[in-house]
Amino acid sequence: MKIVTCIKQTFDTEAKITIENGKVSDQGVNLIVNPYDEFAVEESIRLKEKNGGEVVVVSVGNDKTQEALRYCLAMGADRAVLIQDPALENGDNHSAAVALAKLLADMEYDLIFCGKEAVDDGAAQVPSRLAEKLDLPQANVITSFELGDGQATVTREIDGGTETLEVQLPAVFSAQKGLNEVRYPSLPGIMKAKRKELKVVSLADLGLSAEDVAPKAELVQAELPPPRKAGRVLKGEVEEVVAELVKLLQEEAKVI
Amino acid sequence: MDFSYTDEERMMLQMTRDFAEKTVKPLAAEVDKNHMYPRQTVAKMAELGLMGVTVPPEYEGAGMSNVCYSIAIEELSRHCAATGVIVSVNNSLACEPVKLFGNEEQKKKYLADMASGRKLGCLGLTEPNAGSDAANLATTAVLDGNEWVINGRKIFITNGNEADYCILIAQTDKSKGHRGICAFIVDLDNPGFQVGTLEDKLGIRGTSTAELVFEDCRIPRENLLGELGKGFRIALTTLDGGRIGIASQALGIARAAIEDATAYAKERVQFGKPIANLQAIQWMLADLTTEYEAARLLTHRAAYLKDQGQPYAKEAAMAKLMASEVAMKATTKGIQILGGYGYTTDYPMERYFRDAKITEIYEGTSEIMRLVIASNILK
Amino acid sequence: MSIVVFAEQRGGTLRKITYEVVSEGKRLAAAAGDSLKVLLAGSDVAGLAEELKKFGADEIAVANDAALADYTTDAYAAVLAAYIQQENPGLVLLGHSAIGKDLAPRVAARLDAGLVSDCIDVKFADGDYAFVHPIYAGKAIATYKVNSAVKMATLRPNVFPVEENAGAGSVVDFSTEIPAPRTKVLEVKQQGGDRPELTEADIICSGGRGLGNPDGFQLIEQLADILGAAVGSSRAAVDAGWRDHQFQVGQTGKVVSPNLYIACGISGAIQHLAGMGSSKCIIGINKDPEANIFNVADYGIEGDLYKVVPALIEKLKEVKG
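Residues numbered from 1 in each chain as written. Chains lettered and ligands numbered in written order. Predicted model: local features only at pLDDT ≥ 70, side-chain atom pairs only at ≥ 80, totals over all residues. Heavy atoms only, no water.

Attention shifts here to the overall build of chain C. Along its length, chain C carries eight helices and 18 strands. Its C-alpha atoms give chain C principal-axis dimensions of roughly 60 × 45 × 40 Å. Contacts in chain C between residues at least 24 apart in sequence constitute 63% of all its contacts with a sequence separation of at least 6. Placing the 30 positive and 40 negative side-chain charges of chain C at their respective mean positions leaves the two points 4 Å apart. (Helix = DSSP H or I, 4+ residues; strand = E, 2+ residues; numbered from the N terminus. Contact = heavy atoms within 4.5 Å. Lys, Arg positive; Asp, Glu negative; His and termini not counted. Charge placed at Lys NZ, Arg CZ, Asp CG, Glu CD.)

Right under this line is the structure:
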């Protein structure tokens, strides 16, 4: 069984965001594997452990992204491919999906896993865009995965509930929290990761031009949201405070 | 000179930080309050390979560097100093002497058992009348046919209540002084052994600090560790390495105090502004952070020297001396910054404070550290 | 030029987000001088077109086909992509709902269109659209321009006001070849009983670690029932196993923006604030005076939630008669 897992390196979710020249600054920010992608990596490794085969982690990024890929190798993935190119630096979801699709087109795979979205831009576009470019079925936001014969049965989150889907393979799946519990890389895993293959490829290597991956959506500017002002803390006996609160909600905030 | 992390150092940091935050931290208060040995955490750490960090893979260890080991102990101790020292004792005081001085059979059995975490180890050195003065031991081992017969008492033994194996330092020939001391590997599943008094302690309350009682405890002749009469050397070498572990534990405690105090100072409002705006607080945090960073560099350098196979006894002593004193200072000032809240058990600061003190005492007091450093300078 | 809105229905009922997206589509169409076209897809949904007329669409295209009974990516993407190719609009809007999130990027990739997800504002000026989308879970706000001929966006639920408008509202049939879907819906489970869905709710009552135990949510549910609110939870309560992840509000959970958000026993970690910081009114109930929730709450009550919440329930019962 051959599994390809797409990951993105993102800011730590606790990172403080600062803006420089209309862009989010990455100065001094701790970088991690996008948390949802970790669920994807974990599921891929579990499937390989159960059924044999290979897990290849792939990403679009820069020099630092190698750290994220090494982390996945330490968790138990077999090899990694990084697509790195100056033309992708200001890319959007379209750019990433086009590059990944071209890479995957020449690879063998039975399953493709992604995280349901990246915690940085929160766009949730790459899994579906990738599936479309590869002409594969997709199942997004899955919380369970069961491999069948030529198909998989998954549960996915929908608004206000869940849906069970049968999906023809190969297909693209995007992982949601709840799919599994992500392992820590073991110390022997960390040592082995050093010796695993991590290949860096450029757009030219993939036979793509800068134009092919030119972003369709361009950032005009990023800014910090206006700070939310602290309101007032109501003090006194519980009954009085509650009465005051209800009055404020009715008359001042007008929300009930 | 290169101060950047290698790939495995970075991953070790990321993994242990994450593990400590999610698995160690939630239990830390309970471990302390109820004197609870964190058995499940130890099992998880064993699975990850943390019980034999620097032990070669052929003996079921991870084969990593001492710098990686230091990083791991610091991260675990950041949230629970008791958990940190359980790991440190198994690695530095139990695995390390077998790794350095054991024969192939001993490594295959005992080292692999401890490095994999199947068994837990401890070091039996301190006695009522022999602490820092390790040469003055009263525990004896007498050869009787194919067995050593051990009699005596060891006190203050970390992991003593849970340990399966003990690296025991005992006297085989009192007349020879230092040269009459030997090291043994004792399987504690032995009718001649029992755990005596368990200490009630100020800090690191999740660890046992036990009295080990040996009464005609018979062990196989081949369980002599290293050469006959080299036990004193083995004990000193083991303690040199152990100091890197304790320095790292102290760094974890110091960082806990500094991080918590910093976060509190930014939130706590007095006179209409956060107390972090007050220079009195700023200077405390600046000093502590500087001293913590200095201690960390000393510790990593000692670990680096050990990895390079160079002499590191002086550097390990300097690291432990500085890191333990920074831990004590940082937790003292940490309580000061938190004020009344810092003195209550609502915040973990008072636990950090209680845990910090032992780092100035065990595996060689600060005074012994100065002695070691001075003797290295003046020799 | 036209603006196309995808009208989302599930099980033959229009979703609240549909009214929001159509209303915003109408406002943008008026600003840009474009016509508004709505695509309604499903099986036996023709009746819903009447309902949609109230919101000012110039044309409502109905793709009525048994193959569209269940939402499947393959079938719906085929219909929406074909409709966009027929109409060649300048802008396509969907809701940032489970369906919109699944469908929009698939269709965008098919048309090589730029897509901005999860918009909280769309502006039209100087002949172009600017799309405003919170990034880093709301810790920053980004504005994007899209350079493809067809521009696409999904709109965050509960942000865009619903507004009725007059419009021609002519209803036309739309049909295209629908491929056999490669996914099959085996079962759909709706949860939460009568309570509104989290991202759609006007009021959300949330519980956190401060509840102390999973049973504490019964109290939160009582409060929610009086207010007709949804019940949310902090990550701490989910991690403790007290509540399922689908109820989690925050950076790694749902992003919500109700009119009223009541945080009970929630400290207000930055990850949680990222998920509910855009609520119009926030109430924090916490016994820790230092709790961060008080830094963002419009009204804070410092006290034991097991005293405050029951008193609040009583008072609300009294007020609501």
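Here the focus is helix α3 (residues 93–105) of chain A. Since the α-helix turns once every 3.6 residues, residues separated by three or four places project in the same direction. Residues and elements named next belong to chain A. Between the first and last C-alpha of α3 there are 18 Å, a value that for 13 residues agrees with the 18 Å anticipated at 1.5 Å per step. Where burial is concerned, most of α3 is hidden: 11 out of the 13 residues are buried. Every buried residue of α3 is accounted for by Asn93, His94, Ser95, Ala96, Ala97, Val98, Ala99, Leu100, Ala101, Leu103 and Leu104. (Expected span 1.5 Å × (residues − 1). Buried < 20%, exposed > 50% of the residue type's maximum accessible area, 1.4 Å probe, protein only.)

Attention shifts here to the sheet that holds strand β15 (residues 230–233) of chain C. In space, the six strands of this open sheet follow the order β15(A)-β18(C)-β17(C)-β16(C)-β14(C)-β15(C), with parallel pairing throughout. Taken across any chain shown, the strands that pair with only one partner, and hence form the sheet edges, are β15 (232–234) of chain A together with β15 of chain C. On average, adjacent strands in this sheet sit at an angle of 20° to one another, irrespective of strand direction. Bridge analysis of β15(A) against strand β18 (residues 299–302) of chain C gives three bridges, and the strand direction is parallel. (Pairing = 2+ DSSP bridges. Axes fitted to C-alpha atoms, helices over the stretch in contact; angles between N-to-C directions.)

This part is about the state of the cysteines. The final tally for this structure, using the stated rule, is zero disulfides over all chains. With no disulfide partner, A:Cys72 has as its closest neighbouring cysteine sulfur the one in A:Cys6, 11 Å distant. B:Cys217 takes part in no disulfide bond, and the closest cysteine sulfur to it belongs to B:Cys166, at a distance of 9.4 Å. (Disulfide = S-S within 2.5 Å.)

The next point concerns a negative patch on the surface. Together, A:Glu237, A:Glu239, A:Glu240 and A:Glu244 make up a region of like negative charge exposed at the surface. Tracing the sequence through the fold places A:Glu240 in helix α7 (residues 238–251). (Patch = residues over 30% accessible without salt bridge, like charges linked within 9 Å, V, L, I, M, F, W, Y side chains within 5 Å. Areas by Shrake-Rupley, 256 points an atom, 1.4 Å probe, with all protein chains shown as cover. Salt bridge = Lys/Arg side-chain N within 4 Å of Asp/Glu carboxyl O.)

A word on the packing of helix α3 (residues 73–87) of chain C against helix α4 (residues 98–111) of chain C. Residues and elements named next belong to chain C. Interaxial distance between α3 and α4 falls to 9 Å at its minimum, and their mutual angle equals 50°. Considering the angle they form, α3 stands oblique to α4. Both α3 and α4 take part in a crossing whose hand is right-handed. Contact residues: Thr73, Asp74, Tyr76, Ala77, Ala78, Leu80, Ala81, Ile84 and Gln85 in α3; Asp102, Leu103, Arg106, Val107, Arg110 and Leu111 in α4. By residue class, the composition of the contact of α3 with α4 is nine nonpolar, two polar and four charged. (Parallel < 35°, antiparallel > 145°, perpendicular 65-115°, else oblique. Left-handed = near helix turned anticlockwise from the far one by under 90°. Nonpolar A, V, L, I, M, F, W, Y, C, P; charged D, E, K, R; others polar.)

What follows is about the interface of chain C and chain A. Contacts between the two partners involve 86 residues from chain C, matched on the other side by 74 residues from chain A. Together, the buried faces of chain C and chain A total about 6,900 Å²; carbon and sulfur atoms form 53% of this surface. In terms of surface lost to chain A, no three residues of chain C exceed C:Tyr136, C:Arg182 and C:Tyr299, which account for 12% of the buried area on that side. The partner of A:Glu163 in a salt bridge is C:Arg10, and the shortest N-O contact between them spans 2.6 Å. For the side of chain C that touches chain A, a count of residues per class yields 37 nonpolar, 26 polar and 23 charged. (Buried area = accessible area lost by both parts, 1.4 Å probe.)

Residues and elements named next belong to chain C. According to the domain assignment, chain C contains domain 1 (2–173) and domain 2 (198–319). Computed over C-alpha atoms, the centres of domain 1 and domain 2 are 32 Å apart. Each side of the interface is counted separately: domain 1 has 10 residues, and domain 2 has 12 residues. A per-residue breakdown of the area domain 1 buries against domain 2 is headed by Ala137, Arg156 and Asn158, which together make up 53% of the total. In this structure, the connection of domain 1 to domain 2 is made through two salt bridges. Residue Arg15 pairs with Glu200 through a salt bridge whose shortest N-O separation is 2.8 Å. Across the domain 1-domain 2 interface, the total number found is seven residue pairs in polar contact (both at pLDDT 80 or more). (Domains from an automatic or database assignment. Polar contact = N/O pair within 3.5 Å; in protein donor to acceptor, adjacent residues only side chain to side chain.)

Chain A puts 14 residues into the contact, and the matching count from chain B is 19 residues. Roughly 1,500 Å² is buried in total at the junction of chain A and chain B, and carbon and sulfur atoms are behind 69% of that figure. Counting across the chain A and chain B interface gives three salt bridges. Across the salt bridge formed by A:Glu67 and B:Arg10, the nearest N and O atoms sit 3.4 Å from each other. Within the residue set of the side of chain A that touches chain B, elements represented by two or more residues are α2 (65–75) and α5 (187–193) of chain A. If one sorts the elements of the side of chain A that touches chain B by residue count, α5(A) sits on top with five residues.

Attention shifts here to the nonpolar core. Residues A:Val57, A:Phe113, A:Phe145, A:Phe173, B:Met12 and B:Met64 are the most contacted members of the largest nonpolar core, which totals 141 residues. When residues of this core are assigned to their parent elements, the largest contribution, 17 residues, is made by helix α6 (residues 231–267) of chain B. The contact partners of A:Phe113, leaving out residues within four places of it in the chain, are A:Ile3, A:Val4, A:Thr5, A:Cys6, A:Ala40, A:Glu43, A:Ser44, A:Leu47, A:Ile142, A:Phe145 and A:Phe173. With 42 residues, the next largest nonpolar core counts C:Ile17, C:Leu36, C:Cys119 and C:Tyr136 among its residues. (Core = buried A, V, L, I, M, F, W, Y, C linked by side-chain atoms within 4.5 Å.)

Another point: helix α4 (residues 81–101) of chain B. Residue and element names in this part refer to chain B. Compared with the 30 Å implied by 1.5 Å per residue over 21 residues, the 29 Å span of α4 between its first and last C-alpha is a close match. Along its length, α4 shows its largest kink, about 40°, at Cys95, and proline Pro97 lies within four residues downstream of that point. For α4, the buried fraction is high: 19 of the 21 residues fall into the buried class. (Bend = angle between axes of the 7 residues up to and from the residue.)

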